[in-house]
Amino acid sequence: MKHTPFVLTFITLAILGGCNKAPDVEQSAKIENAAAKIAVMPPIAKKVPYKMTVHGDTRIDNYYWMRDDERKAPEVISYLEAENAYTDEMLAHTKTLQTSLFEELKGRIQKDDDSVPVKKGNYYYSSQTRGDNEYATYLRSSDFAGTDQDVILDVNELAKGHDYFAVSGLNVSPNDNLMAYGEDTVSRRVYNIKIKDLSTGKLLEDTLEGTSGYVVWANDNKTVYYIKKDAQTLLGYQVYRHTLGTPQSDDELVYEETDTSYYTGISKSKDGSEIYIWHSSTDASGLSVLSADDVNAKPKRLIEREANLEYSISKLGNTYYIVTNLNAVNFQLMKVDIDKAGDKENWQSVIPAREDIKLEDVELFDDFLVYQQREMGQSTLIARNLTSGKELPLSFNDSAYTINAYGNNELNSDTLRVYYTSMTTPGSSYDVNLATGEKTLLKQQKVLGDFSADNYASERLFVTARDGIKVPVSLVYRKDMFKKDGTNPLLQYGYGSYGATMDPTFSSTRLSLLDRGFVFAIAHIRGSQMLGRPWYDAGKLLTKKNTFNDFVDVTKSLVAQGYGDKELIFAQGGSAGGLLMGAVANQAPELYKGMVAAVPFVDVVTTMLDESIPLTTNEYGEWGNPNEKAYYEYMLSYSPYDQVSKQDYPNMLVTTGLHDSQVQYFEPAKWVAKLRDYKTDDNKLLFKIDMEAGHGGASGRFKRLEDTALNYAFMLDLAGVNK
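A. Representation of the overall build of the protein in the model. Along the protein, the regular secondary structure elements total 14 helices and 38 strands. Expected size for 723 residues packed as a compact globule is a radius of gyration near 27 Å; at 27 Å, the protein falls within 12% of this value. By sequence separation, contacts in the protein at least 24 residues apart represent 56% of the contacts at least 6 residues apart. Taking the average location of the 77 positive side-chain charges in the protein and that of its 100 negative ones, the two points are 3 Å from each other.

B. Focus on the sheet that holds strand β12 (residues 223–229). The strand order β8-β9-β10-β11-β12-β13-β14 describes an open sheet built from 7 strands, whose pairing is antiparallel. Pairing within the sheet leaves two strands with one partner each, and these edge strands are β8 (166–172) and β14 (252–256). Within this sheet the neighbouring strands show an average axis-to-axis angle of 35°, counted without direction. Alignment of strand β10 (residues 191–197) against strand β11 (residues 203–217), held across 4 bridges, turns out to be antiparallel. Paired with Lys 194 across the two strands is Thr 207, which belongs to β11.

C. Representation of the layout of surface pockets. Taken as a whole, the second largest pocket spans an internal volume of roughly 750 Å³. Along the walls of the second largest pocket sit 25 residues, with Ser 281, Glu 310, Tyr 498, Gln 529 and Arg 533 positioned nearest its centre. If you list the elements that add at least two residues to the lining of the second largest pocket, you get β16 (274–280), β17 (285–291), β19 (311–316), β23 (357–364) and α7 (533–537). Among the residues making up the lining of the second largest pocket, the classes are represented as 9 nonpolar, 10 polar and 6 charged.

D. Highlighting the environment of Leu 416. Locating Leu 416 in the fold gives a position in strand β28 (residues 415–421). Along the primary structure Leu 416 and Gly 437 are separated by 21 residues, whereas in three dimensions their C-alpha atoms are 9.7 Å apart. Ignoring sequence-local partners within four residues, the contact set of Leu 416 consists of Glu 363, Phe 365, Val 370, Leu 381, Leu 394, Ala 405, Asn 408, Tyr 430, Asp 431, Val 432 and Leu 434.

E. Main features of the packing of aromatic side chains. Per the counting criterion, the structure on display carries 23 aromatic pairs. A centroid spacing of 3.9 Å and a plane angle of 0° characterise the contact between Tyr 50 and Tyr 64, whose relative ring orientation is stacked. In this pair, Tyr 50 is assigned in strand β1 (residues 50–54) and Tyr 64 in the loop between β2 (57–61) and α3 (74–90), connecting sequence segments 14 residues apart. Under the relative-accessibility criterion, Tyr 50 is labelled partly exposed at 35%.

F. View of the sheet that holds strand β25 (residues 378–385). On the basis of which strands lie adjacent, the open sheet formed by 4 strands has the order β23-β24-β25-β26 and antiparallel pairing. The sheet is open, and its two edges are formed by β23 and β26 (391–394), each paired on a single side. Strand-to-strand twist in this sheet, taken as the mean axis angle between neighbours without regard to direction, amounts to 25°. As defined by bridge partners, β23 adjoins strand β24 (residues 368–375) across 7 bridges and the pair is classed as antiparallel. Residue pairing across strands places Leu 364 opposite Leu 369, the latter belonging to β24.

G. Molecular detail of the nonpolar core. Judged by nonpolar contacts, the single largest core of 76 residues is most densely connected at Met 66, Leu 80, Phe 551, Leu 558, Tyr 592 and Trp 671. The element that contributes the greatest number of residues to this core is helix α9 (residues 576–587), accounting for 7 residues. Other than its neighbours up to four places away in sequence, Met 66 contacts Ala 45, Val 76, Tyr 79, Tyr 665, Phe 666, Ala 669, Lys 670 and Ala 673. Core analysis: the second largest hydrophobic core is formed by 36 residues, Tyr 456, Phe 518, Phe 520 and Ile 522 among them.

H. Just the confidence of the model for the protein, in detail. Mean pLDDT for the protein: 91, with 93% of residues reaching 70 or above. Every residue in residues 1–23 is under pLDDT 50, and counting partners more than four places away or in other chains gives 20 contacts. Counted against residues more than four places away or in other chains, residues 29–38, with its pLDDT under 50, gives 9 contacts.

I. The packing of α3 against helix α13 (residues 666–678), seen in detail. Relative orientation of the contacting elements α3 and α13 amounts to 65°, with a least axis distance of 12 Å. The hand of the α3/α13 crossing is left-handed. Between α3, through Tyr 79, Leu 80, Glu 83 and Tyr 86, and α13, the contact on the second element is made entirely by Ala 669, Val 672, Ala 673 and Arg 676. Its residues placed into classes, the contact of α3 with α13 shows 6 nonpolar, no polar and 2 charged.

J. View of the side chain of Asn 325. Tracing the sequence through the fold places Asn 325 in the loop between β20 (319–324) and β21 (332–337). A relative accessible area of 16% places Asn 325 in the buried class.

K. Broad picture of the side chain of Ser 288. Take Ser 288: it is sitting in strand β17. Using a relative accessible area of 2% as the deciding quantity, one classes Ser 288 as buried. Separated by 2.9 Å, the side chains of Ser 288 and His 279 make a polar contact. Every residue in contact with Ser 288, bar those within four places of it in the chain, is listed here: Ile 275, Tyr 276, Ile 277, His 279, Pro 299, Lys 300, Arg 301 and Leu 302.

Calculation criteria
- Residues numbered from 1 in each chain as written.
- Predicted model: local features only at pLDDT ≥ 70, side-chain atom pairs only at ≥ 80, totals over all residues.
- Heavy atoms only, no water.
- Helix = DSSP H or I, 4+ residues; strand = E, 2+ residues; numbered from the N terminus.
- Rg over C-alpha atoms; globule rule 2.2 N^0.38 Å.
- Contact = heavy atoms within 4.5 Å.
- Lys, Arg positive; Asp, Glu negative; His and termini not counted.
- Charge placed at Lys NZ, Arg CZ, Asp CG, Glu CD.
- Pairing = 2+ DSSP bridges.
- Axes fitted to C-alpha atoms, helices over the stretch in contact; angles between N-to-C directions.
- 1 Å grid on protein atoms, 1.4 Å probe; cavity = no way out; pocket = protein on both sides within 12 Å on 5 of 7 lines; lining within 4 Å.
- Points joined across faces, edges and corners; volume = space filled by probe spheres on them.
- Nonpolar A, V, L, I, M, F, W, Y, C, P; charged D, E, K, R; others polar.
- Phe/Tyr/Trp six-rings, centres within 6.5 Å; stacked < 30°, edge-to-face > 60°.
- Buried < 20%, exposed > 50% of the residue type's maximum accessible area, 1.4 Å probe, protein only.
- Core = buried A, V, L, I, M, F, W, Y, C linked by side-chain atoms within 4.5 Å.
- pLDDT = per-residue confidence, 0-100.
- Left-handed = near helix turned anticlockwise from the far one by under 90°.
- Polar contact = N/O pair within 3.5 Å; in protein donor to acceptor, adjacent residues only side chain to side chain.

The structure is reproduced here in structure tokens:
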């Protein structure tokens, strides 16, 4: 907050009792202290009561005025800028630390870096970063060694002149001559698709506006399918067919989703013969099929959609392999002849349902089936020979790790490409021989500096929650700085929504906390699928509070077991994890020294009542529909914004992006304003708004590190670690 000379003079006279003589040293100190207090006064948002009545219940939202869908209202922008100025001033004493952290984080990153080439069609595709470039350059070559690499897209050139820039959906035509990709310069995840001629390097005149950023090529190499987004809700709900060289206004509408609880996606079968339109809601899914050879094809539902039925397919020859929850809570694998697929009675079990093991995914080859399953919180890959039926588990050494198959585009291969990481093992790419299980390490991400994996240890614990359920927890710490005597600062992270499982992975940035004595913990709370589908079902809708209770109970247990100092416990979460932070701050603020809530979804009831806001209707299956009284009352009982009360809160850093399309900026803005009005402590409440970014934060590999440095400096300063 800025003050005029008149204001400061008035303050001075008040302190001096109106005296005109020169102030003595004590009086000067009083002046400086008073001015300092004035200088760091937080913005106080005005109150404009806005009445909302639902089910006979009236809520008053004093900060509803902060919503500006155009993001141009002067009073809103001024308020957000004032919050940024206040945050900058309150953290000014950490600037040196932030700079040091940024250089430290950046110093671990290999500036000149290349991805492992992935084969698709006749070429191997890869990306590279060089020097201080913020973005990747994409290349292709006729061989794995990259002896004749050609640049197919330099994002650094495209990003010039933009504060934010993102590309998506790079996809080359079947004849390898054309490439489609999406551009977003606003961070609203609405993309304009461009088509590039890879033989000349020139762009075609075709530009497809307002899309999801991805196309599927028909096999004629001149027809593409894409999804158009609703301008208001930002939901992708229409599939169009575009012929190159024609205006977008002439594109044919192939499919329109009329049920707003469903998301729409598109893809192509691995053999290139079929195009799929995917339909997915929170608790149901399905697909429609088109021939990739017929540019006049109409989509046909594989089977009619059913409530609570989920399935996905993979094609091999004349057979569909189907991962489904049909008669299987934790999913099973079935198969069916393509011409009989429309009747579920013809689906035959390949890997039957198992009570405590969740089937997650499959990857098909001509001679092998690889399936991914999760048991006791750990994912594993198993290769099955389709001729002999013999199975081979693909094993790794860490007790808790993340493994995923990726880049397996060719059916006629006996090699599986996988990505592997743990909390102590940097991301690694392997080729695995499916017949022998032999692993070939292609690349492990380099961590520059003095990093050695031997300096760190990770653990997997199970904590008993208040209702007797055991909650998995993943931990990592630096061995020579961990005492397990309750003296280490601890950062606990959580998410716990949408069935998203936050598996343990390596983070080079996290080393900056571990090397300063922090313990880092991931609480795998209910709402994820860490322990299978029932684990998700037990943390959504009318059981959502289990998510928050689990997080709190994990914190208490880790403190009791000596993993963290009870006076130095920190919590962090983003998006739905920001909802977690808000709910936990209301429920158990005394447990945490500080919290970082990124792009937090905190105004649950108001948002879920507003169908004009992106994602609302699609998420009734996750949170419930508050137009129904039971869901309204339950949501209201935990909604962080509605449940703010007059109590002490932890030190808090809240971050958002003005252009966020998933959690609108005004949710955290209103929440911070209300917290300021209600909280009874003198702890820090800081709000940082990226005026150029959206839900994913800043674009660019180094610019993102500035956000991380800010978050870390906030916590380290509170922990008394200032270097």
